[in-house]
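Fold and geometry: a report
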Amino acid sequence: YERAYKDRMFPGVRIGPIEVGGLTKIEAAVRLQTAVDAYLEHGLSYTVDGKIVTVDLVVNAPQDSDIAYQIADVAITETIDAAYTAGRASMVTTAWMERIRGAAGQDLVTPIQATIANDRLATALTRTLGNTIIPMTPPRLEHIIVNGVPTLIVREGQSGRAVNTTEVTTATMARIALLDPAPIIVSLTTIEPPFTVADARAALPAAEAALARAPVILTHGTRRWMVNRKMLASWLTFHGDPTPIINRTALDAFLVTIAADIEQPAEEGRFTIDPTTKRVREFRPARTGI
């Protein structure tokens, strides 16, 4: 019996719903790959709030192959190797029990091994579900003009709804393991803002104290740049907690304009002698960069 199936799967071996008993590894791999390709081609169905949507697990971009990617990646070789071990346990009694079960028509099922790109799956679901997914927005500082004076106020945030990626990924892998086309239930997680409006408003005195320091003057040599109250107010923000801080992106954009006026590249010195006259033809001292 061992010699008869030396290079083939034992009878009764299945990979998910696919019969591979009696096949060589190569034959089983071809059959598995064909079934997996057909399964992934149709995408997977997900249901949320009673709505069913389909997500493509393989994203092709004919115009730009660089942005083609897979959300699910099936490990064909590893799955075939795992299925081949059915009936070949190191313990002889275990091996023969599996062989007898397979020969008697009791399936020896090996699940299909797959990995899921969590972030890509979450992004695809978020894009597909549209208005069902609500981004969380924390309370934020906003500057308005009151009687000609830049003033800070707090805008309310809102709770959000996001895909429970861990649960969805686990359910997706379970479906792929058996090539099961049944829709997967998507559970959504409510995301609350990291701090309340009351906390944010309690921080307004600190923000106003920062504005009271305007104008802020930056200098380099004899040059001066002024950050007035209006500009400073537009830079103040919250990030993760109700402590007013400077928006780094806005500050960097301002500093780029200053850098253009200050920076200069380093230059190597030059000293050239005319080989005919033996006189100095060019002399230029080195210049340190800023």
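Let me begin by describing the structure that accompanies this report. Everything numeric in this text was worked out from a predicted model, so none of it was measured. (Residues numbered from 1 in each chain as written. Predicted model: local features only at pLDDT ≥ 70, side-chain atom pairs only at ≥ 80, totals over all residues. Heavy atoms only, no water.)

Packing of helix H4 (residues 118-129) against helix H5 (residues 165-177) brings their axes to within 10 Å, and their N-to-C directions diverge by 100°. In terms of orientation, H4 and H5 fall into the roughly perpendicular class. Of the residues in H5, those in contact with Asn118, Leu121, Ala122 and Leu125 of H4 are Thr165, Val168, Thr169 and Thr172. Tallied by class, residues from the contact of H4 with H5 come to 4 nonpolar, 4 polar and no charged. (Axes fitted to C-alpha atoms, helices over the stretch in contact; angles between N-to-C directions. Helix = DSSP H or I, 4+ residues; strand = E, 2+ residues; numbered from the N terminus. Parallel < 35°, antiparallel > 145°, perpendicular 65-115°, else oblique. Contact = heavy atoms within 4.5 Å. Nonpolar A, V, L, I, M, F, W, Y, C, P; charged D, E, K, R; others polar.)

Let us now look at the pairing of strand S20 (residues 280-284). For a regular strand, side chains alternate in direction, first toward one face of the sheet and then toward the other. The pairing of strand S19 (residues 270-273) with S20 spans 4 bridges and is classified as antiparallel. Considered in S20, the bridge of Arg270 is made with Arg284. Hairpin geometry of S19 and S20 is characterised by an intervening segment of 6 residues between the two adjacent antiparallel strands and by a positive phi of about 60° at Lys278. (Pairing = 2+ DSSP bridges.)

Right, let's get into H5. Its 13 residues place the ends of H5 18 Å apart at the C-alpha level, agreeing with the 18 Å of an ideal helix rising 1.5 Å per residue. Among the residues of H5, Val168, Thr169, Thr172, Ile176 and Ala177 are the ones counted as buried. Leu179 sits one or two residues past H5 and shows a positive phi near 50°. (Expected span 1.5 Å × (residues − 1). Buried < 20%, exposed > 50% of the residue type's maximum accessible area, 1.4 Å probe, protein only.)

This part is about the pattern of salt bridges. Applying the stated criterion to the full structure yields 12 salt bridges. Residue Glu142 pairs with Arg140 through a salt bridge whose shortest N-O separation is 3.9 Å. Judged by its relative accessible area of 41%, Arg140 is partly exposed. Residue Glu142 pairs with Arg155 through a salt bridge whose shortest N-O separation is 3.1 Å. Of this pair, Glu142 sits in strand S10 (residues 140-146) while Arg155 sits in strand S11 (residues 149-155), and the two are 13 residues apart along the sequence. Linked by salt bridges that have partners in common, Arg14, Glu19 and Asp107 make up one network. (Salt bridge = Lys/Arg side-chain N within 4 Å of Asp/Glu carboxyl O.)

Take it as geometry only, folks, not as evidence of what the structure does.
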